[in-house]
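# Observations on the model geometry
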Amino acid sequence: MRLNRILTVLALAVFSFSAMNCEHEQQETSQTKQREMKASVDQQVDQLLSQLTLDEKLSMISGYKVYKVAGVPRLGIPEIKMTDGPIGTRNDGKSTAYPGDICLAASWDTELAHEFGVSQGRDGRARADHVILGPAMNIYRIPIDGRNSEYMGEDPFLTGTMASHEIQGIQSQGVVSTVKHYAANNQEEHRMTVSANVDERTLREIYLRGFQIAITQGHPWAVMCAYNKINDVYCSANRWLLTDVLKDEWDFPGLVMSDWGAVHDTLGPANAGLDIEMPGQEWFTPAKLKPLIDSGKISMPTIDDKIRRILRVEVSMGFINSDRKDASIPLDDPSSRATALKMAEEGIVLLKNRDGLLPLDTAKVKTVAVVGPNAEPAITGCGGSSYVDPYNPVSTLAGIQNEIGADRVEYVPASEKSQIDAVIAHSMYEPLDPNTQGIKAEYFANRDLSGSPVLIRQMKKIDQKWGRRRPPAANLPSNDFSARFTAKIRPPTDGTYLFSLSSHEGSRLFINGEQVIDMWSSHGNQQENVHRELKGGKVYDIRVDFFSNWPSCSVQFGWGPALPLIDEQAAEKIAKADAAVLCVGFNPQFESEGFDRTYALPQDQEKLIQKVEALNPHTIVVVNCGGNVAMANWIDNAAGLIQAWYPGEEGGRALAEIIFGKVNPSGKLPATFEKKWEDSPGYANYPGKNDEVSYKEGVFVGYRWFDAKGIVPRYPFGFGLSYTSFALSDLKIKHVKGHENELILSANVKNTGDRIGSDVIQFYVGQDQPTLPTPPRKLAGFARVELLPGQKKTVQFHVDASTLAYWHPNTKQWSTDSGGYHVWVGESSRDLPLTAPVEWR
């Protein structure tokens, strides 16, 4: 099974000529069986379709109860129950929380991707789910995208390959896999309205290519369209995207659903190829559809095609007259937890290991200081619809304590959040006037604090959180209002005081009329802190402004005496420890669906890192995030750096295993980590203006950009350290017998160290004199290889016309030029020791 799965992926396989011939025979047999099955399915679908009334048909193309699609009980057609993915089933209470998909991509392990899919499918069957809304597979274009952790990196070949195996795993359990968000959903900023303006070549080669691989090789039964527009047309109403490319060109037989709330009218999406509106009951309703059908603007064959696709999925997956719940699978499935652990073990990336500090020797290390806000509790996933509530998550602190014993661990929370919570709770305010105590809150029915307030309140603290459909007052819109909070403070003594402002949406702080914090833009959870020297007994005016552009929003403010993150006692513990494991990064509040995060680490974490590095030269920084972060101010003094991503419920255990050497790290970056945000290919074209963002970098995304521009990244695509070493040699090229323009590349990889370890061998190809502006090279294959010390293996890659193809904007088709090419084999996009020329006829 392993060989068969790998052989289905272009340029990935490790194979022999006899295996290729066997595979061709198996494919012919499989194709015959598939034709027979299709005929049988079509017959059942036609039979069911002929018995449906118009009202029943229309009830099936609009969701209800948020995550369900109606069935027709009299015909045995069940309602379809969906659950959020892509990193665990999250809509039925607690479930296994797997690492983010970017962590899976960092494993470069296609077998693990299939295993992950199987585990998700089992979790779904245990909860009677028909459809899992995953995998998510948009391209990592910018490091600050709020959903990067749900995606699989910057390269479409890696993304499509990993996703295709995950899809097969999910659907092997009788649960539908949904690839999303189709397409070009590469930022959360203004995601509901922004137009991604992209030329067709860039779309084809970068932003659609991963979907194409996943759909044609993984064969998912469902696709979810994105919120955004492409070239000024909403994805949900884009006929070229949904019908011309997806359904006709790629021959996709399944159903297309909208993202939740991504539909904006009835006629356009209905005729464009959208099959189901989710969550429904707004645009694809009988009241809106029937007049359009009666007038001929929407034809009955169009409606029937939607129903046919839905029925085709249900018949093919065995949903008709069937109970999806498998009571034999436990809700807290040990096999799922084991998969979550393996994903974290293989996907966590070791980026720096000065003087071989890691792994720490348990026989020599007496104490380890575990420091930082992300050490405890466990940081399992980012926020939003992918967040899963786990059963028993293991924090980094708990993982290290379990590994070496709690008596050898010094825990220093160093969490500014706990200070800020205390500051908010204990902030004291002077009377504004004889009749107004504490804080005066004025609310305006607009975003710019203009006109007269429609509501005035008094409050004791600024700690406001408004959920969807819960504005401050009934006469205020839930996503279009502003507020001004005014107060007076009197510090008791001379000294340094902390002022902390946190908000989801725009906010700013003024002290005595001077603006000291400016977050006056639409954003997700952000927090800024300032320190000011104040005179005891003096009264200071405080003003906090806030505006909302989102149904769920919040603002918190507090002030109080500044306290050190690390007091003298904690500093002494850190300094005396044999090593310090410093856990920083983001969490579900600060990195989430719905907004893009900051490039800098949140709160005052950079200062914390610098303080700990000064106290202990053996500081190992562990970062939780979905993409790169600013490192310039602290990376040089870090002894170790571990990119932990969002590692799921077993992340703390996996980190401890890696830190102490039970597991040899093998993760490789699926995205380029730039030295500074300004180096990113998307920097100059983000977030756009007037709801328009132009992808002017074109096909030069990720490592393609860095290679073409000659920019040195901090850590290149495909990079990751190991506790052992590997050597590549003997690159050979052979023609496939009987196929003059098909080649087999082979190379040897040897473990030259003293530990068992896994390496990821990467194959790149580039044209010597390209017809169009083209990156120097692109990833065309990869193979994960596990080797014992001293062991050597041969890896092979297949090269054919599709490996070399590019999208020609004039001919509107994939093209392959004859002439000179080069191939490279190595361990990252910047470490390619083996290279050879190839002539293509």
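Described in the following lines is the structure provided in the data block. These figures come from a predicted structure and were not determined experimentally. (Residues numbered from 1 in each chain as written. Predicted model: local features only at pLDDT ≥ 70, side-chain atom pairs only at ≥ 80, totals over all residues. Heavy atoms only, no water.)

### Focus on the overall build of the chain
Stated formally: The secondary structure listing takes helices from DSSP runs of H or I that are at least 4 residues long and strands from runs of E that are at least 2 residues long, numbered from the N terminus. As defined in this context, the radius of gyration uses C-alpha atoms, and a globule is described by 2.2 Å times the residue total to the power 0.38. Only protein chains enter the accessibility calculation, which uses a 1.4 Å probe; a residue is then buried when its area is under 20% of its type maximum, exposed when over 50%, and partly exposed in between. Contact between two residues is taken to exist if any of their heavy atoms lie within 4.5 Å; hydrogens are not considered. In these tables, accessible area is a Shrake-Rupley quantity obtained with a 1.4 Å probe, and a residue counts as shielded only by the protein chains included in the view. Only four residue types enter the charge count, namely Lys and Arg as positive and Asp and Glu as negative; His and the chain termini do not. Charge positions come from single atoms, namely NZ of Lys, CZ of Arg, CG of Asp or CD of Glu.
The number of helices and strands found in the chain is 20 helices and 36 strands. Against the compact-globule benchmark of 28 Å for 841 residues, the chain has a radius of gyration of 28 Å, which places it among compact chains. Each principal axis of the C-alpha atoms in the chain carries an extent, and together these give about 90 × 75 × 55 Å. A buried classification covers 61% of the 841 residues belonging to the chain. Across the chain, contacts joining residues at least 24 apart in sequence account for 76% of those joining residues at least 6 apart. With an accessible surface of roughly 31,300 Å², the chain has 49% of that area assigned to carbon and sulfur atoms. Averaging the coordinates of the 87 positive side-chain charges in the chain and doing the same for the 103 negative ones gives two points 1 Å apart.

### Some words on the sheet that holds strand β23 (residues 553-561)
Using the following cut-off: Strand pairing is assigned whenever DSSP detects at least two bridges linking the two strands. Axes here mean lines fitted to C-alpha atoms, for a helix over just the part in contact, with angles spanning 0 to 180 degrees between N-to-C directions.
The sheet built from four strands is open, its strands ordered β16-β23-β18-β21 with antiparallel pairing. Of all the strands in the sheet, just β16 (462-466) and β21 (526-534) have a single pairing partner and so form its edges. If you compare each strand with its neighbour and ignore which way they point, the axes differ by 15° on average. Here five bridges tie β16 to β23, and the two strands are oriented antiparallel to one another. From the neighbouring strand, Lys 465 faces β23, where its bridge partner is Ser 554.

### Regarding helix α6 (residues 156-171)
The test is simple: Every helix has an expected span of 1.5 Å times one less than the residues it contains.
With 16 residues, α6 ought to run about 22 Å at 1.5 Å a step, and its terminal C-alpha atoms sit 22 Å apart, in line with that. Of all 16 residues making up α6, 15 are buried, and the element is well covered by its neighbours.

### Considerations on the sheet that holds strand β26 (residues 640-643)
Here we have six strands laid out as an open sheet, ordered β11-β26-β25-β24-β12-β13, and mixed in their pairing. At either end of the open sheet lies a strand with only one pairing partner, and these are β11 (349-353) and β13 (409-412). Across the sheet, the mean angle from the axis of one strand to that of its neighbour is 15°, orientation sign disregarded. The pairing of strand β25 (residues 619-624) with β26 spans four bridges and is parallel. By the bridge assignment for β26, Val 622 is matched with Ile 642. Contacts from helix α14 (residues 396-404) reach β12 (368-371), β13 and β24 (579-585), with the element oriented near 170° to β13. This element, helix α16 (residues 568-576), spans β12, β13 and β24 of the sheet and lies at about 140° to β13.

### Points about the pattern of salt bridges
To keep things clear, this is the line we draw: For this document, the term salt bridge refers to a Lys or Arg side-chain nitrogen within 4 Å of an Asp or Glu carboxyl oxygen.
The final tally for this structure, using the stated rule, is 44 salt bridges. In this structure, Arg 122 and Asp 333 form a salt bridge, with 2.8 Å as the shortest nitrogen-oxygen distance. Here the residue Arg 122 occupies a position in helix α5 (residues 110-126), and Asp 333 occupies one in the loop between α12 (300-316) and α13 (334-347), the gap between them amounting to 211 residues. The exposure class of Arg 122 is partly exposed, given its relative accessible area of 24%. Its salt-bridge partner being Arg 204, residue Glu 200 comes within 3.3 Å of it at the nearest N-O pair. Linking Glu 200 with Arg 204, this pair stays in helix α7 (residues 200-207), spanning four residues, or about one helical turn.

### A few points about unusual backbone geometry
Following Lys 180, the chain continues to His 181 via a peptide bond in cis, the omega torsion being -5°. For the peptide bond that leads from Tyr 182 to Ala 183, omega is 5°, which places it in the cis range. Residue position: Ala 183 is located in the loop between β5 (176-182) and β6 (195-197). In this structure, Lys 65 is a non-glycine residue whose phi angle is positive, near 55°. Note on placement: Lys 65 falls in the loop between β1 (63-64) and β2 (68-69). What makes Lys 65 exposed here is its relative accessible area of 58%.

### Examining the environment of Gln 643
What counts is decided by this rule: For the purposes of these results, a polar contact is taken to be a pair of N or O atoms within 3.5 Å, where, inside protein, one atom must be able to donate a hydrogen and its partner to accept one; residues adjacent in sequence count only when each atom of the pair is a side-chain atom.
With respect to the helices, strands and loops of the structure, Gln 643 is situated in strand β26. Placed 492 residues apart in sequence, Gln 643 and Tyr 151 show a C-alpha to C-alpha distance of 16 Å. Within the local environment of Gln 643, its side chain forms a polar contact with the backbone oxygen of Cys 625, the two atoms lying 3.4 Å apart.

### A look at the nonpolar core
For soluble globular proteins, the rule of thumb is that nonpolar side chains tend to be buried together. Put simply, the rule reads: By convention a nonpolar core is built from buried Ala, Val, Leu, Ile, Met, Phe, Trp, Tyr and Cys residues, the set being connected through side-chain atoms within 4.5 Å.
Counting residues in each nonpolar core, the largest one holds 103 residues, and the members touching the most others are Leu 52, Met 82, Tyr 182, Met 257, Trp 260, Leu 311 and Leu 779. In terms of residue count, the dominant contributor to this core is α12 (six residues). With residues up to four places along the chain from it excluded, the contact list for Leu 311 reads Val 45, Leu 48, Leu 49, Leu 52, Met 60 and Ile 77. The next biggest cluster of nonpolar side chains, apart from the first, holds 41 residues, and it includes Ala 369, Trp 634, Leu 641 and Tyr 646.

### Here's the deal with α14
Each α-helix winds once per 3.6 residues, and so residues spaced three or four apart point in a common direction. What counts is decided by this rule: By definition, the arc is the one covered by directions from the helix axis to the C-beta atoms.
Restricting attention to buried positions, one finds in α14 the residues Thr 396, Leu 397, Gly 399, Ile 400 and Ile 404. Looking down the long axis of α14, one finds its buried residues gathered within 165° of arc, a one-sided arrangement. Along its buried surface, α14 packs onto β12, β13, β24 and α18 (651-659). Of the residues trailing α14, Gly 405 is marked for its positive phi of about 100°.

### So, the state of the cysteines
Worth spelling out the cut-off: Any pair of cysteine sulfurs within 2.5 Å is marked as a disulfide.
Applying the stated criterion to the full structure yields zero disulfides. The closest cysteine sulfur to the non-disulfide-bonded Cys 625 is located on Cys 382, 11 Å from its own sulfur. Residue Cys 625 is classed as buried on the basis of its relative accessible area of 0%.

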